[in-house]
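# What the coordinates show
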Amino acid sequence: MADQIIFWILAAIMTVFSILAVTSKNIIRSATFLLFVLLGTAGLYLLLGYHYLFAVQIAVYAGGIMVLFIFAILLTNRPGENVKTEKYYRKVIAGITSFAGLAFCGHIIYWNVNKAYTLVATSELKVQDIGHTLMGTDKYQYLLPFEFISVLLLACIVGAIMIARKR
Amino acid sequence: MGDLLINFLSGPVPIEAYLGVSLIMFFAGVYGFLSRKSLLMILISVELMLNAADINFIVFNRYLYPGHMEGFFFALFTIAIAACETAVAIAIIINIYRNLSSVQAGELNQMKE
């Protein structure tokens, strides 16, 4: 019951702020709303029992990516300037597209997903298990993707510095 | 009224509720992607969509395959890739601003100044 109450509060916060984030006129404000959405997502991970992912979400998304966003907004916007939106008919088309998608997927979820689940109470995922799975080379273990991600991160750092440096 | 509320709130959170939240987040992202001109707003919308996909991975993993960790690692790697993508995209946006002094998507009509 406490789970449900916490979930509904988080869900309300996330839906309201994600809609505000894409409709707000002021870009720094929509970045802040995005931060609230990301923190709400971290709360959902905690609620589902994935504590490690909660920490990663807070550190990488709410910490790293949001700082990058604020930094970029302050570098590229004059203070107090409002965001321009597309022309009116483009907005209507965007609204219709997203509502159609929402209705379609909502219909599928409402009628089909119900049949396929049972929530099995499991103990919390141990960090030791995560480490073994991340560093193993057997079936269902992820050393190779992990190494690829590390190379990708390195390439990203080099690429970002190359692109953004002053000539 | 009280009984109804207690009935509604008893038991675990239904999977549709999680999927509904991520659905609304995803289509809010789609709307922002299509209706905004600023590149930074487009990037914020993409972040919303990626985050909704992460929630779906985690929820399906937890509810349908609680003994496995595939969804968990997919979400973990998605977060890492999203961080990479944002860093490079913001570097590109800053470079565009330096060259054209504007970050509106409609005004980017040349490859080189």
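Conventions adopted
Residues numbered from 1 in each chain as written. Chains lettered and ligands numbered in written order. Predicted model: local features only at pLDDT ≥ 70, side-chain atom pairs only at ≥ 80, totals over all residues. Helix = DSSP H or I, 4+ residues; strand = E, 2+ residues; numbered from the N terminus. Contact = placed C-beta atoms within 7 Å. Nonpolar A, V, L, I, M, F, W, Y, C, P; charged D, E, K, R; others polar. Expected span 1.5 Å × (residues − 1). Bend = angle between axes of the 7 residues up to and from the residue. Buried ≥ 20, exposed ≤ 12 C-beta atoms within 10 Å, placed from the backbone.

### Some thoughts on the overall build of chain B
Looking only at helices and strands, one finds four helices and zero strands in chain B. Each helix and strand of chain B, ordered N terminal to C terminal, gives the series α-α-α-α. Restricting to contacts in chain B with at least 6 residues of sequence separation, those with at least 24 account for 46%.

### With respect to the interface of chain A and chain B
Taken together, the contact between chain A and chain B spans 71 residues of the former and 60 residues of the latter. Where the side of chain A that touches chain B is concerned, the elements lending two or more residues are helix 1 (2-23), helix 2 (27-47), helix 3 (51-76), helix 4 (88-112) and helix 6 (143-164) of chain A. At 13 residues, helix 3 of chain A tops the list of elements feeding residues into the side of chain A that touches chain B. For the side of chain A that touches chain B, the residue count by class is 47 nonpolar, 19 polar and five charged.

### Some thoughts on helix 3 of chain A
Here helix 3 of chain A spans 36 Å end to end across 26 residues, near enough to the 38 Å set by a 1.5 Å rise per residue. Met-66 of chain A marks where helix 3 of chain A bends most, by close to 30°. For helix 3 of chain A, the full list of buried residues reads Leu-53, Gln-57, Tyr-61, Ile-65, Phe-69, Ala-72, Ile-73 and Thr-76 of chain A. On its buried face, helix 3 of chain A sits against helix 2 of chain A together with helix 3 (39-64) and helix 4 (70-100) of chain B.

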